[in-house]
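Chains, contacts and geometry: an overview
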2 protein chains.
Amino acid sequence: MPSLPTYKTPIHAHWIDFNGHLRDAYYGLILSYATDDLMDFLGMDAAYRSGTKNTLYSLELHIYYLREVKQSDELTVTAGIIGSDKKRIHAAFSMTCPRLSAPAATAEFMLLHVHQGIEPKGAAFPDDIRAKVEALKALSATHPALGAASRKIELR
Amino acid sequence: MPSLPTYKTPIHAHWIDFNGHLRDAYYGLILSYATDDLMDFLGMDAAYRSGTKNTLYSLELHIYYLREVKQSDELTVTAGIIGSDKKRIHAAFSMTCPRLSAPAATAEFMLLHVHQGIEPKGAAFPDDIRAKVEALKALSATHPALGAASRKIELR
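Quick summary incoming for the structure in this document. (Residues numbered from 1 in each chain as written. Chains lettered and ligands numbered in written order. Predicted model: local features only at pLDDT ≥ 70, side-chain atom pairs only at ≥ 80, totals over all residues. Heavy atoms only, no water.)

Looking at the packing of aromatic side chains
This structure, assessed with the given rule, holds 6 aromatic pairs over all chains. Here the aromatic rings of phenylalanine 93 of chain A and phenylalanine 109 of chain A are separated by 6.1 Å at their centres, their planes lie at 85°, and the arrangement is edge-to-face. Here phenylalanine 93 of chain A is found in strand S4 (residues 88–96), whereas its partner phenylalanine 109 of chain A is found in strand S5 (residues 105–116), with 16 residues between them in sequence. You can call phenylalanine 93 of chain A buried: its relative accessible area is 0%. Phenylalanine 109 of chain A sits in the buried class, given a relative accessible area of 0%. Both rings, one in tryptophan 15 of chain B and one in tyrosine 26 of chain B, keep their centres 5.5 Å apart while their planes meet at 10°; by these two values the pair is stacked. One end of the pair, tryptophan 15 of chain B, is in the loop between strand S1 (6–10) and helix H1 (24–41); the other, tyrosine 26 of chain B, is in helix H1, and 11 residues separate them in sequence. Exposure class is identical for tryptophan 15 of chain B and tyrosine 26 of chain B. Each is buried. Looking at arginine 49 of chain B, its charged tip hangs above the ring of phenylalanine 18 of chain A, at a distance of 3.7 Å from the centre. (Phe/Tyr/Trp six-rings, centres within 6.5 Å; stacked < 30°, edge-to-face > 60°. Helix = DSSP H or I, 4+ residues; strand = E, 2+ residues; numbered from the N terminus. Buried < 20%, exposed > 50% of the residue type's maximum accessible area, 1.4 Å probe, protein only. Lys NZ or Arg CZ within 6 Å of the ring centre and 35° of its normal.)

See below:
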């Protein structure tokens with residue numbers, strides 16, 4: 001079975017907060033860099049972006065902080081696509097490290113394909129990129145879920 | 001009517017991404033710093049944390065990216081509390097800047113009061129902090145909503 005795309009990163013010292021663990025925001029930065037890698041994987045790399053003025057904008061992000069990450073950890077982010085339409089990608093991510101038997105975090109991004117003209121405007125994916133998005137969505141469906149599905153944040 | 005607590009920040013050059021706007025992750029960093037300020041406001045400052053080994057951990061974060069932020073912008077984050085129990089705070093945030101007539105982003109954090117003993121463990125707020133949490137929750141209820149309520153991320 002082909003693997004889902006992954007992004008690896010060490011934990012930088014300035015990412016550790018006063019609680020002695022990875023600051024919540026830097027989970028987000030790691031996810032953001034993993035999304036840059038995912039764009040490359042799907043053909044929306046720097047050459048595509050400069051040639052077409054098309055890119056992805058983030059619409060929504062939902063992170064589940066499941067376990068503390070320490071400076072000695074190295075994180076692997078596994079990316080998948082759990083939904084898509086002609087101009088949007090619903091991406092899911094799982095963050096793991098060898099020290100932990102279960103994910104340190106899971107997350108979902110809703111991403112919009114945008115043409116940066118005089119005003120930025122949502123735009124349909126070209127066919128070749130749409131095919132790559134659909135292929136990764138199909139592959140993602142054959143893998144275990146990348147985390148609990150996003151839900152309303154609330155006290156029950 | 002008393003105001004809700006706010007946190008202000010300029011936009012640093014290295015926070016701008018290849019799209020020419022504030023990278024999604026740095027909305028999260030700004031929200032994280034605003035949450036540090038909120039902890040001070042509620043009495044969970046550095047002296048409290050070092051004296052009690054109690055702090056707040058982030059359980060969940062949901063961000064709505066509504067408008068692009070540019071390097072020339074200065075953001076104001078307004079914080080409120082929309083839910084709480086004996087050891088959790090459901091905080092809501094709105095990010096605004098003078099250039100924009102509507103929020104650049106809204107967000108919600110679910111935060112857990114944790115005692116960092118041999119193993120970190122959820123712990124009830126002391127009475128004086130619980131009173132501050134409840135007072136800010138009551139004040140928040142008298143203000144306009146800080147943003148769309150968190151929801152499941154999905155393509156409809």
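Moving on from the model shown.
Side note on the packing of helix H1 (residues 24–41) of chain A against H1 of chain B
Helix packing geometry: the angle between the two helix axes and the distance between the axes. As a packed pair, H1 of chain A and H1 of chain B sit with axes 8 Å apart at the nearest point and diverge in direction by 180°. Considering the angle they form, H1 of chain A stands roughly antiparallel to H1 of chain B. Between H1 of chain A and H1 of chain B, the residues in contact are Asp24, Ala25, Tyr26, Gly28, Leu29, Ser32 and Tyr33 of chain A and Asp24, Ala25, Tyr26, Gly28, Leu29, Ser32 and Tyr33 of chain B, respectively. Residues of the contact of H1 of chain A with H1 of chain B, tallied by class, amount to 8 nonpolar, 4 polar and 2 charged. (Axes fitted to C-alpha atoms, helices over the stretch in contact; angles between N-to-C directions. Parallel < 35°, antiparallel > 145°, perpendicular 65-115°, else oblique. Contact = heavy atoms within 4.5 Å. Nonpolar A, V, L, I, M, F, W, Y, C, P; charged D, E, K, R; others polar.)

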